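Here is what each chain is made of, one letter per residue.
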Amino acid sequence: MPEENRVYNGIVREGKEMELTPLEPWIRAKIGTSATGADLRREIDRHQLAKLRKTVDYVRAHSPFYRELLGGVRGSEIRELADIAHLPFTTAGDIQENDLRFLCVSRDEISRVVTLNTSGTTADAKRIHFTEDDLELTTDLFHHGMKALVRPGQRVMILMPGDRHGTIGDLMVKALRRMDVRGIPHGIVLDSGRTIAGIVENEADCLIGIPVQVLGLVRHRDARAIPKGMIKSVLLSADYVPTAIVSEIQSAWGCAVFNHYGMTEMGLGAAVDCRALCGYHIREADLLFEIIDPHTGKPVPDGETGEVVFTTLTRRGMPLVRYRTGDLSRFVTAPCPCGTVLKRLEWVKGRLAGGIRLCGDSVLTVADLDEALFPLPGLLNFRVEISGNGTTDAMVVTVYCGDDPVPELCSLAAKSLEAIPAIRAAVDSRRFSIAPIRASSENWISTGSIKRKIIDSREER
Ligand SMILES: [Zn+2]
């Protein structure tokens, strides 16, 4: 097979003339150049440098937080993009402490505030503020990014929150309308059977959803009601995307499965796969991405894995400078099969804080569990909790299987878990055990829109 048809992560797609990412012509127009190839790359770098300088001066002038953090740094002192490494980082904790000190406009100009509350306690809630212009930047990204997935006249079912102004669903419907595509806001999936009925009734060509929720549709008994070939593309967002889920959706529906990477702090959307489906391209006119060594804080060479850090280049309400995401990824150095000069970011598979150190000193990650458990037939989701007293750890696992339990699911799950090297090493240390696995058909959907994680309820060690 020719190299350009080979896609990493074990997913191989048939080779056809590969279409250029629609983000490239969009970014070219946004920065106002007709350059192509290496010249375009230089123009993008130049644009980013100019915007970075402006952003530094803008936030120092308008945000109390950055006035203090950046001290006497002036935009003009930034000579080249690499100089960004001299600027201090912004962390989630800074926003939690006082989001209002980040604002660069008056509160009247803010048209949407998103409260992020990942652990369910108000202590670590973060609020991110957007002006109408800021939201428009995201709508514009959705408009152009979706050109890789749909054509005029098609219908997209949006299985994401979308009932209010400025939500992903709302912005997506607006964006799709600009390309003569009908966006159907649905909200997150609460009842797979009813969602499938809606997909069939609307003859959806494309779905946008959360990975486990789309897997729940594929594995639902009513899924056979969806005519073969009807769904042509799926965009997965809002959580890590396990390779096993991508393969299952591809083989069930014979469609292309795209990954999207974004977090609210980035303006909801940031990067999306091109038709090569092998890593996302970033909206580089608006966001500057870096990969850093999470321990030293220094940039790592392109190609090496580290923490994703980004700076907003065009945001007005609440710009962020060198925001540490806690997500792990790397820039792929090989050229993308689509031929773009845009950077390519490998699919984010986990978080810095996502690994759990087990007795025996091995580290277990959500990605390990994803790739071991999601291939199991009938499994819709899982919950893993590590408990213990510091001397011995126990892993308590629940597998969710909806209304159609596969009898041997628990024993298959146990086998798959025992095959994970980190778990095997822990078991070999004789200070770790897997409790009998429980299957549940309860409301597995409730874990829907928050990033999945391993629950660590061990006593302090
Ligand atoms: Zn590409």
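It should be emphasised that the depicted structure is a prediction, and the values quoted were computed from it without experimental measurement.

So, how was this worked out
- Residues numbered from 1 in each chain as written.
- Predicted model: local features only at pLDDT ≥ 70, side-chain atom pairs only at ≥ 80, totals over all residues.
- Heavy atoms only, no water.
- Donors = N, O, S within 2.8 Å, 3.2 Å for Na, K, Ca; no water.
- Tetrahedral: all angles 85-135°; square planar, octahedral: opposite > 155°, others 65-115°.
- Helix = DSSP H or I, 4+ residues; strand = E, 2+ residues; numbered from the N terminus.
- Buried < 20%, exposed > 50% of the residue type's maximum accessible area, 1.4 Å probe, protein only.
- Core = buried A, V, L, I, M, F, W, Y, C linked by side-chain atoms within 4.5 Å.
- Domains from an automatic or database assignment.
- Contact = heavy atoms within 4.5 Å.
- Pairing = 2+ DSSP bridges.
- Axes fitted to C-alpha atoms, helices over the stretch in contact; angles between N-to-C directions.
- Phe/Tyr/Trp six-rings, centres within 6.5 Å; stacked < 30°, edge-to-face > 60°.
- Salt bridge = Lys/Arg side-chain N within 4 Å of Asp/Glu carboxyl O.
- Polar contact = N/O pair within 3.5 Å; in protein donor to acceptor, adjacent residues only side chain to side chain.
- Nonpolar A, V, L, I, M, F, W, Y, C, P; charged D, E, K, R; others polar.
- Parallel < 35°, antiparallel > 145°, perpendicular 65-115°, else oblique.
- Left-handed = near helix turned anticlockwise from the far one by under 90°.

Here the zinc ion is held by the protein donor atoms C274 (SG), H281 (NE2), C336 (SG) and C338 (SG), which lie 2.1 to 2.4 Å from it. Taken together, the four donor atoms coordinating the zinc ion span angles of 105 to 112° at the metal, a pattern that classifies the geometry as tetrahedral. Counting gaps between the donor residues of the zinc ion yields the pattern C-x6-H-x54-C-x1-C. With H281 in strand β9 (residues 280-282) and C338 in the loop between β12 (323-329) and β13 (344-345), the pair connects residues that are 57 residues apart, well separated along the chain. The exposure class assigned to H281 is buried, which follows from its relative accessible area of 0%. Judged by relative accessible area, C338 falls into the buried class, the value being 7%.

Next up on the list: the nonpolar core. Considering soluble globular proteins, one finds that nonpolar side chains tend to be buried as a cluster. Counting residues in each nonpolar core, the largest one holds 136 residues, and the members touching the most others are M146, I249, W253, Y261 and F289. Each of domain 1 (3-40 + 116-120 + 128-351) and domain 2 (355-456) gives at least three residues to this core. Y261 has contacts with M266, G269, A270, A271, Y280, F289, V308, T325, D327, L345 and V348, leaving out every residue within four places of it along the chain. If you look at the next biggest cluster of nonpolar residues, it comprises five residues, including A276, C278, C336 and C338.

Further remarks concern unusual backbone geometry. The backbone of L268 sits at a positive phi, close to 70°, despite the residue not being glycine. Relative to the helices and strands, L268 is located in the loop between β7 (256-261) and β8 (271-273). We classify L268 as buried; its relative accessible area is 11%. Positive phi, normally seen in glycine, also occurs at R430, with a value near 65°. Mapped onto the elements, R430 comes out in the loop between α12 (421-428) and β19 (432-434). Accessibility expressed as a relative area gives 74% for R430, which makes it exposed.

This part takes up the sheet that holds β8. Spatial strand order, β4-β3-β5-β6-β7-β8-β9-β13: eight strands in an open sheet with mixed pairing. For this open sheet the edge positions go to β4 (182-185) and β13, each flanked by a neighbour on one side alone. When β9 meets β13, the two strands line up antiparallel, connected through two bridges. Paired with H281 across the strands is R344, a residue of β13. Most of the contacts of helix α6 (residues 168-177) go to strand β3 (residues 155-158), to which it runs at about 175°, and overall it touches β3, β4 and β5 (206-209).

A few words on helix α10 (residues 366-373). Across the eight residues of α10, six count as buried, placing the element largely inside the fold. Among all positions in α10, only V366, A367, L369, D370, A372 and L373 are buried. On the buried face of α10, the contacting elements are α9 (243-253), β16 (363-364), β17 (381-388) and α11 (409-418).

This part covers the packing of aromatic side chains. What the rule picks out here adds up to eight aromatic pairs. The interplanar angle of 90° and the centroid separation of 5.5 Å between the aromatic rings of Y66 and F102 together place this pair among those described as edge-to-face. In this pair, Y66 is assigned in helix α3 (residues 64-70) and F102 in the loop between α4 (92-97) and β1 (110-116), connecting sequence segments 36 residues apart. There is no split in this pair, since Y66 and F102 are both buried. Relative to F382, the ring of F374 has its centre 5.3 Å away and its plane inclined at 55°; by these criteria the two rings are tilted.

Now for helix α1 (residues 23-31). Within α1 the residues assigned to the buried category are L23, E24, W26, I27, R28 and I31. Tucked into the core, α1 has its buried residues touching α2 (37-62), α5 (132-145), β8 and β9.

With antiparallel pairing, four strands are arranged side by side in an open sheet as β10-β11-β12-β14. Two strands close off the open sheet at either side, each with one partner strand: β10 (287-292) and β14 (350-351). Direction of pairing for β12 relative to β14: antiparallel, over a ladder of two bridges. Bridging across to β14, D327 finds its partner in R351.

Below, the discussion takes up the domain arrangement of the protein. Accessible area lost during the coming together of the parts is what is often quoted as the interface size. Assigned domains within the protein: domain 1 (3-40 + 116-120 + 128-351) and domain 2 (355-456). One C-alpha centre belongs to domain 1, the other to domain 2, and the line joining them spans 28 Å. The interface of domain 1 with domain 2 comprises 22 residues on the first partner and 20 residues on the second. Connecting domain 1 to domain 2 are zero salt bridges. Between domain 1 and domain 2 we count five residue pairs in polar contact (both at pLDDT 80 or more) in total. At the level of secondary structure, the elements contributing two or more residues to the side of domain 1 that touches domain 2 comprise α8 (211-218) and α9. With four residues, α8 is the single largest residue contributor to the side of domain 1 that touches domain 2. Considered class by class, the residues forming the side of domain 1 that touches domain 2 number ten nonpolar, five polar and seven charged.

What follows is about the environment of G360. Position of G360 among the secondary structure elements: in the loop between β15 (356-357) and β16. Setting aside anything within four residues of it in sequence, one finds G360 in contact with S429 and R431.

For the rest of this paragraph, the subject is the packing of α5 against α6. Orientation of α5 relative to α6, taken along the N-to-C sense of each, is 60°, at an axis distance of 8 Å. As the angle between them shows, α5 and α6 are arranged oblique. Taken as a pair, α5 and α6 cross one another with a handedness that is right-handed. On α6, the residues touching L135, T138, T139, F142 and H143 of α5 are I168, L171, M172, K174 and A175.

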